[in-house]
Amino acid sequence: MKKSKIAGCLLLCVAATAYAETTTITVNTRNTSLIYKVDDAGKLRQIYFGPILDAESVENTQMTQVDAYPAFGTSYINEAALRVVHGDGNTSTELYFDGVEQNRLGDDMTETVITLKDGYFPFTVKLFFRAYETNDIIEQWSEITHAEKKPVTLYNFASSHLFFNEPSYYLTQFCGEWAMEMNMVETQLSRGVKNIESKLGVRSDQHAHPCFYLSLGGKAQERAGRVIGGTLAWPGSYRLSFEVDHRENLHIVSGINPYASHYILAPKEVFKTPALLYTYSDSGVGVISRRFHRWAQKYGIYRGDKTRTTLLNNWEATYFDFNEEVLSGIIKDAADMGFELFLLDDGWFGNKYPRNSDNAGLGDWDCNKKKLPHGLGYLVEEAKKNGIKFGIWLEPEMVNPKSELYEKHPDWVIGQPHRQLDLSRNQLILDLSNPKVQDFVFGVIDKILSENPDIAYIKWDCNRFVTNSGSYFLSPEKQSHLWIGYVRGLFSVLERVRTKYKDVSMMCCSGGGGRIDYATLPYFDEFWISDNTDALDRIFIQWGTTQFFPSMALASHVSVVPNHITGRTEPLKFRFDVAMSAKLGMDLQPKDMSPEDKTFSRNAIKDYYKIRPIVQFGDLYRLLSPYESRRTAMMYVAEDKSEAVLFAYLLKKTINGDTQPLILEGLEPARNYKVTELNKASQGYSWFTPLEGKVFSGDYLMKYGLRFTMYNEYESKVIYIESVK
Ligand code: GLA
């Protein structure tokens, strides 16, 4: 066996000039290894991705013919990672290894940069890998640049290519629609290409999220099996392509969707692709979620170490129909029930074209004088007087044609000449590839926040996708840059907002869950995952979302019955118990509640504060899936395992009672834990009463489990589990 000159990512700071010595490159996390080798021809090959290998095993891995980053024209798979037309019209690219650098970027992270160069053209691709050791997550992206005389055109520009050679592959995707996002669907992959993708450009996750599980050799399970979990950090059109080739090998090519998006790259310009974040688990998907949650808290989400506030939102309470008096009443009731913030939703702006429905006013961000004669400041002050914070809804990327903004700047929208205005929700998208539009959008936020420094929270909405995909700003030959230019423009605005307004919390909303991804989250504290607030549907939507995104950032609101979207009626306790399993909020008119419901809500909110640190910062364990069982349950365990909270729901009535044991997880076997029911429907008898206050060992709870019967549809239990001496 040929002896490698270099093995292991722990060998740091290898100078680029030393590449000639290098034949093996290892990207290690605590439990996984990703290995590349350079073959005799100088090509970089993917050798292995799986459980961590020791140095000797790495040495003994064999050469493959798998291109690390397959380029069109010289690679033998169908889906190329890279397809370029060079300045002279040559359509092929042939990449050779040119060097590697490995640097430690802190206690827990190593960055590996592999440089590949074309054999003829001055054309370079750098593959970046950040290995987050404790979290077992790899973040991979690429950077493309060249020094050719003329611009080159990029047609495919993937972030990553991963290769597997297994007997079978099962793909779980997260798909849906407005008000029914993040459904989990698993399929066995057969020969050919299966794409998880979006071509929507903006609000691009509404139908499919850029997340996946790939289970090797059998279906994905919660606690067992070899699974890769991955997610692409990009809020625009994306494509995750899974190709089973003629030898039953699987290639995953991920990145920005190249569809209608070719990019003219000027000499010296660096084209940076978004990152694919991925992890390998040999104990099922549960651990994958926990890794992503911890990673998100540390690196992914804005201020992931800060407690998220509870809030009352007036959207479902009033829609567009409110005035100062109505809102002041809601603010008072919100404070009285124990909420920490009042969020004023859509409808507060526009004067020439008042925003009294979704057909006018969007873009005119001045306070509507008729509804709010004393301006926003008055309401901010009302909230302050009641001891709570104030938040506000904005949809700064969009415009109604019926607005002063559109009258002034019709060329600021995405659209094309000779075409009818194509409206969706009566609105158009502002062209964020245009720096003037970026300035405008930043200016909207800047003005509101600087005039009202006590505004503590923004709900940033985005309610439509791209059609008529033209830019009046971009030149005719660069029209296809719009998709990427839009996202870059959005990031540039968000960067400016965050640089100036560090303490303002922001919720990312996009007609519900149309924009939830790991590139946007660094700017946002939380996200609105669906306009559907029906608790039964929410169990599924939250089940799907929390596979990749942490509950601390997942806003979940109690709303009225019958539910405005589904028409379903569920008990208030059930609605609270579902919302309390994430970031609790409310979306209803408190004055319409009965005194009993108000008292129940007040107590439930108090109970939420007790468990909030566990829900927002604990580890999530999923016990019974709503996809498999009429009783569903999950729990959060504090990092030090001293406390936990269990949520159990019955989705369907069972005549003789559902007695499925709840086998807990994540506790310490030798510790004793007391179990107490929270958020009780009444102080009387409950099916949990025989267990109330009892102490059990972690061993008992994790093997024999908690056993109590549930009978009725929409019955629910919240159990607080506390370690005792
Ligand atoms: C979107 C959001 C809702 C609400 C409305 C307001 O649909 O998802 O929560 O803010 O906009 O128009």
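Look up: the structure comes first, before these words.
One structure accompanies this document, and this report is about it. (Residues numbered from 1 in each chain as written. Predicted model: local features only at pLDDT ≥ 70, side-chain atom pairs only at ≥ 80, totals over all residues. Heavy atoms only, no water.)

1. Looking at the packing of helix 9 (residues 535–545) against helix 10 (residues 572–579)
Piece 1. At a minimum axis separation of 9 Å, helix 9 and helix 10 run at an interaxial angle of 15°. With respect to their mutual orientation, helix 9 and helix 10 come out roughly parallel. Considering the relative orientation of helix 9 and helix 10, their crossing is left-handed. Across the interface between the two elements, Ala 535, Leu 536, Arg 538, Ile 539 and Gln 542 from helix 9 touch Phe 574, Arg 575 and Val 578 from helix 10.
Piece 2. Of the residues in the contact of helix 9 with helix 10, the class split is 5 nonpolar, 1 polar and 2 charged. (Axes fitted to C-alpha atoms, helices over the stretch in contact; angles between N-to-C directions. Helix = DSSP H or I, 4+ residues; strand = E, 2+ residues; numbered from the N terminus. Parallel < 35°, antiparallel > 145°, perpendicular 65-115°, else oblique. Left-handed = near helix turned anticlockwise from the far one by under 90°. Contact = heavy atoms within 4.5 Å. Nonpolar A, V, L, I, M, F, W, Y, C, P; charged D, E, K, R; others polar.)

2. A short note on the sheet that holds strand 34 (residues 672–678)
Piece 1. The strand order across the open sheet formed by 6 strands is 31-32-33-36-34-35, and the pairing between neighbours is antiparallel. The outermost strands of the open sheet, each flanked by one partner alone, are strand 31 (619–624) and strand 35 (695–697). Geometrically, the sheet is characterised by an average inter-axis angle of 25° between neighbouring strands, direction not taken into account.
Piece 2. Note that strand 32 (residues 631–637) and strand 33 (residues 643–650) share 7 bridges and pair antiparallel. Note that in strand 33 the partner of Met 635 across the bridge is Leu 646.
Piece 3. In the packing of helix 10 onto the sheet, contacts are made with strand 33, strand 34 and strand 36 (715–724), and the angle to strand 36 comes to roughly 50°.
Piece 4. In the packing of helix 11 (residues 595–617) onto the sheet, contacts are made with strand 31, strand 32, strand 33, strand 34 and strand 36, and the angle to strand 33 comes to roughly 100°. (Pairing = 2+ DSSP bridges.)

3. A look at the packing of helix 4 (residues 324–337) against helix 11
Piece 1. At a closest axis distance of 9 Å, the pairing of helix 4 and helix 11 adopts a crossing angle of 55°. In this view, helix 4 runs oblique relative to helix 11, as classed from their interaxial angle. Contacts from Asp 333, Asp 336 and Met 337 in helix 4 reach Lys 598, Ser 601, Arg 602 and Ile 605 in helix 11.
Piece 2. Considered class by class, the residues forming the contact of helix 4 with helix 11 number 2 nonpolar, 1 polar and 4 charged.

4. A short note on the site of the ligand
Piece 1. Contacts to the ligand come from 13 residues, most closely from Asp 345, Asp 346, Arg 425, Lys 459 and Asp 531.
Piece 2. Trp 393 has a polar side-chain atom sitting 3.0 Å from an oxygen atom of the ligand.
Piece 3. When the ligand is considered free in solution it has 310 Å² of accessible area, and contact with the protein chains removes 96% of it.
Piece 4. Across the shell around the ligand, the residue classes break down as 4 nonpolar, 3 polar and 6 charged. (Near = heavy atom within 4 Å. Polar contact = N/O pair within 3.5 Å; in protein donor to acceptor, adjacent residues only side chain to side chain. Areas by Shrake-Rupley, 256 points an atom, 1.4 Å probe, with all protein chains shown as cover.)

5. Focus: helix 11
Piece 1. With 23 residues, helix 11 should cover 33 Å at 1.5 Å per step; its first-to-last C-alpha distance of 33 Å lies within 8% of that length.
Piece 2. At Ile 611, helix 11 shows its maximal kink, close to 55°; a proline, Pro 613, follows between one and four residues later.
Piece 3. Of the positions making up helix 11, those classed as buried are Lys 598, Phe 600, Ser 601, Ala 604, Ile 605, Asp 607, Tyr 608, Ile 611, Arg 612, Ile 614, Val 615 and Gln 616. (Expected span 1.5 Å × (residues − 1). Bend = angle between axes of the 7 residues up to and from the residue. Buried < 20%, exposed > 50% of the residue type's maximum accessible area, 1.4 Å probe, protein only.)

6. Things to note about the side chain of Asp 245
Piece 1. Relative to the elements of secondary structure, Asp 245 occurs in the loop between strand 16 (238–244) and strand 17 (249–256).
Piece 2. For the buried Asp 245, no salt bridge exists, and the shortest N-O distance to an oppositely charged side chain is 6.2 Å, to Arg 191.
Piece 3. Not counting chain neighbours up to four residues away, the residues in contact with Asp 245 comprise Arg 191 and His 251. (Lys, Arg positive; Asp, Glu negative; His and termini not counted. Salt bridge = Lys/Arg side-chain N within 4 Å of Asp/Glu carboxyl O.)

7. Some details on the environment of Thr 632
Piece 1. Of note, Thr 632 is situated in strand 32.
Piece 2. Each C-alpha atom, one on Thr 632 and one on Glu 495, is 40 Å from the other, the two residues being 137 residues apart in sequence.
Piece 3. Apart from the residues within four sequence positions on either side, Thr 632 is in contact with Ile 539, Trp 543, Leu 624, Ser 625, Pro 626, Phe 647, Ala 648, Tyr 649 and Leu 651.
Piece 4. A polar side-chain atom of Thr 632 sits 2.7 Å from the main-chain carbonyl oxygen of Leu 624.

8. Focus: the pairing of strand 5 (residues 95–104)
Piece 1. In the sheet, strand 5 pairs with strand 6 (residues 109–118) via 9 bridges, with the strands oriented antiparallel. Of the residues in strand 6, the one forming a bridge with Phe 97 is Leu 116.
Piece 2. In sequence, strand 5 turns back onto strand 6 through a hairpin of 4 residues, with Gly 106 there showing a positive phi of about 115°.

9. As for the pairing of strand 26 (residues 455–460)
Piece 1. Taking burial as the measure, the 6 residues of strand 26 include 6 buried ones, the bulk of the element.
Piece 2. Here strand 23 (residues 389–394) pairs with strand 26 via 5 bridges, running parallel. In the sheet register, Phe 390 faces strand 26, and the bridge partner there is Ile 455.
Piece 3. As paired elements, strand 26 and strand 27 (residues 505–508) share 4 bridges and run parallel to each other. Considered in strand 27, the bridge of Lys 459 is made with Met 507.
Piece 4. With helix 8 (residues 482–500) bridging strand 26 and its parallel neighbour strand 27, the resulting β-α-β unit is right-handed. (Right-handed = clockwise from strand over helix to strand, strands pointing away.)

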